[in-house]
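Next come the chains, spelled out residue by residue.
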Amino acid sequence: MANIKSAKKRIKVIAAKTMRNKAVRTNLKTTLKKADAAIAVKSGDSEAAVRLAIKKVDQAAARNLIHKNAANRKKSQLMKKLNTVKA
């Protein structure tokens, strides 16, 4: 455990940021799974689900929670799945 006051504060701040980032990542994964499920079922709202998932991916990349190339790859995979179902 830290002895210096500023080090104790850093531990608390890092813990808070870790929890916030974990919540965002979990929400991102859930949104991606919902989009995949909507595409698999070929529901009418699959385009809306994919649009929401792409938005969440972009937000995560903007916050540096995921790498920008990983974000682009996820978006590409989603659009590819959506387009193959439409065709």
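Everything below is about the structure printed above this text.
Residues numbered from 1 in each chain as written. Predicted model: local features only at pLDDT ≥ 70, side-chain atom pairs only at ≥ 80, totals over all residues. Heavy atoms only, no water.

Structural notes on unusual backbone geometry
Here's step 1: For Lys 42, which is not glycine, the phi dihedral falls at a positive 60°.
Here's step 2: For Asn 64, which is not a glycine, the phi torsion comes out positive at approximately 60°.
Here's step 3: For Asn 64, the position within the fold is in the loop between helix H2 (46–62) and helix H3 (68–86). (Helix = DSSP H or I, 4+ residues; strand = E, 2+ residues; numbered from the N terminus.)

Quick word on the nonpolar core
Here's step 1: Leu 28, Leu 32, Ala 35, Val 50, Val 57, Ile 66 and Leu 78 are the most contacted members of the largest nonpolar core, which totals 17 residues.
Here's step 2: Those elements that place two or more of their residues in this core are helix H1 (5–41), H2 and H3.
Here's step 3: In terms of residues, this core owes the most to one element, H2, which gives 7 residues.
Here's step 4: If we ignore the near neighbours within four places in the chain, the residues touching Leu 78 are Leu 32, Ala 35, Asp 36, Ile 39, Val 50, Ala 53 and Ile 54. (Core = buried A, V, L, I, M, F, W, Y, C linked by side-chain atoms within 4.5 Å. Buried < 20%, exposed > 50% of the residue type's maximum accessible area, 1.4 Å probe, protein only. Contact = heavy atoms within 4.5 Å.)

Considerations on the side chain of Thr 31
Here's step 1: On the secondary structure map, Thr 31 appears in helix H1.
Here's step 2: Setting aside its immediate chain neighbours within four residues, Thr 31 contacts Leu 52, Ala 53 and Lys 56.

With respect to H2
Here's step 1: Here H2 spans 24 Å end to end across 17 residues, near enough to the 24 Å set by a 1.5 Å rise per residue.
Here's step 2: Within the sequence span of H2, burial applies to Ser 46, Ala 49, Val 50, Ala 53, Ile 54, Val 57, Ala 60 and Ala 61. All buried residues of H2 fall inside an arc of 135° around its axis, so they share one side. Exposed positions of H2 whose direction lies more than 90 degrees from the buried face are Arg 51 and Ala 62.
Here's step 3: Of the residues one or two after H2, Asn 64 is the one with positive phi, at around 60°. (Expected span 1.5 Å × (residues − 1). Arc of directions from axis to C-beta.)

Re the environment of Ala 35
Here's step 1: Take Ala 35: it is sitting in helix H1.
Here's step 2: A relative accessible area of 0% places Ala 35 in the buried class.
Here's step 3: As for Ala 35 and Leu 52, which are separated by 17 residues in sequence, their C-alpha atoms are 8.3 Å apart.

Remarks on the packing of H1 against H3
Here's step 1: Remark: H1 packs on H3, axes separated minimally by 10 Å, with the N-to-C direction vectors making an angle of 15°. On the basis of their axis angle, the class for H1 and H3 is roughly parallel. The crossing of H1 and H3 is left-handed. From H1, Leu 32, Ala 35, Asp 36 and Ile 39 reach across to H3, where they touch Lys 74, Leu 78, Lys 81, Leu 82 and Val 85.
Here's step 2: Looking at the contact of H1 with H3 residue by residue, the classes come out as 6 nonpolar, no polar and 3 charged. (Axes fitted to C-alpha atoms, helices over the stretch in contact; angles between N-to-C directions. Parallel < 35°, antiparallel > 145°, perpendicular 65-115°, else oblique. Left-handed = near helix turned anticlockwise from the far one by under 90°. Nonpolar A, V, L, I, M, F, W, Y, C, P; charged D, E, K, R; others polar.)

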